[in-house]
Amino acid sequence: MLAVIPARAGSKGIPGKNLREVAGRSLVARSVAVARAARTVDAVIVSTDGDAIAGEAVAAGARVVRRPVDLAGDEASSESALLHALDAFTTEPDTGTPEVLVFLQATSPFTDPVDIDRAVERVLTGAADAVLAAAPSHAFL
């Protein structure tokens with residue numbers, strides 16, 4: 001199983017948000033640690049266009065896929081980053097297509113590795129084709 005964490009450098013709402021710290025660890029480092037702690041995850045990739053984010057990801061134990069400019073702007077979708085990272089991963093020697101792709105958001109710092117494992121198991125057993133975690137919000141969007 002492959003976990004991909006898209007973390008672009010150009011956040012306008014909160015500049016540098018993926019490197020912001022929560023309880024002494026950056027959002028990127030927290031997400032990498034959670035993915036690595038999940039027993040169903042074999043590899044962790046951070047997709048980024050930022051040098052500081054890449055350094056933080058490597059220090060936390062993830063591989064880095066450098067996202068091209070056309071996939072790192074405000075209009076770029078998470079899906080495009082995931083597909084780019086998946087393509088880069090599957091073209092590496094000794095890797096194949098992962099059975100499950102886990103999409104983690106660095107901006108969800110309290111993800112539990114057990115929840116990742118449960119979601120992956122639901123997909124592997126055929127109980128679900130996809131699993132999404134969400135929290136209720138009444139914010140005006």
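Criteria and thresholds
- Residues numbered from 1 in each chain as written.
- Predicted model: local features only at pLDDT ≥ 70, side-chain atom pairs only at ≥ 80, totals over all residues.
- Heavy atoms only, no water.
- Helix = DSSP H or I, 4+ residues; strand = E, 2+ residues; numbered from the N terminus.
- Rg over C-alpha atoms; globule rule 2.2 N^0.38 Å.
- Contact = heavy atoms within 4.5 Å.
- Areas by Shrake-Rupley, 256 points an atom, 1.4 Å probe, with all protein chains shown as cover.
- Lys, Arg positive; Asp, Glu negative; His and termini not counted.
- Charge placed at Lys NZ, Arg CZ, Asp CG, Glu CD.
- Buried < 20%, exposed > 50% of the residue type's maximum accessible area, 1.4 Å probe, protein only.

**Q** Looking at this structure, how should I read the overall build of the chain?
**A** When helices and strands are tallied, the chain shows four helices and six strands. When its helices and strands are written in sequence order, the chain yields β-β-β-α-β-α-β-α-β-α. A compact globule built from 141 residues would reach a C-alpha radius of gyration of about 14 Å, and the chain, at 15 Å, matches this within 12%. For the chain, the spread of C-alpha atoms along the three principal axes comes to 40 × 40 × 30 Å. Pairs at least 24 residues apart make up 61% of the contacts formed inside the chain by residues separated by at least 6 positions. Within the structure as shown, the chain displays about 8,300 Å² of accessible surface, and the carbon and sulfur contribution to it stands at 53%. When the 13 positive and 18 negative side-chain charges of the chain are each reduced to one mean point, those points stand 7 Å apart.

**Q** Can you walk me through the environment of Ser77 in this structure?
**A** Structurally, Ser77 can be placed in the loop between strand 5 (63-66) and helix 3 (78-90). Linking Ser77 and Pro6, residues 71 residues apart in sequence, is a C-alpha distance of 9.9 Å.

**Q** Got a minute to help me understand the environment of Gly55 in this structure?
**A** Relative to the assigned elements, Gly55 resides in helix 2 (residues 51-60). Residue Gly55 is classed as partly exposed on the basis of its relative accessible area of 40%. Distance from Gly55 to Ser108, taken between C-alpha atoms, is 20 Å for residues 53 residues apart in sequence.

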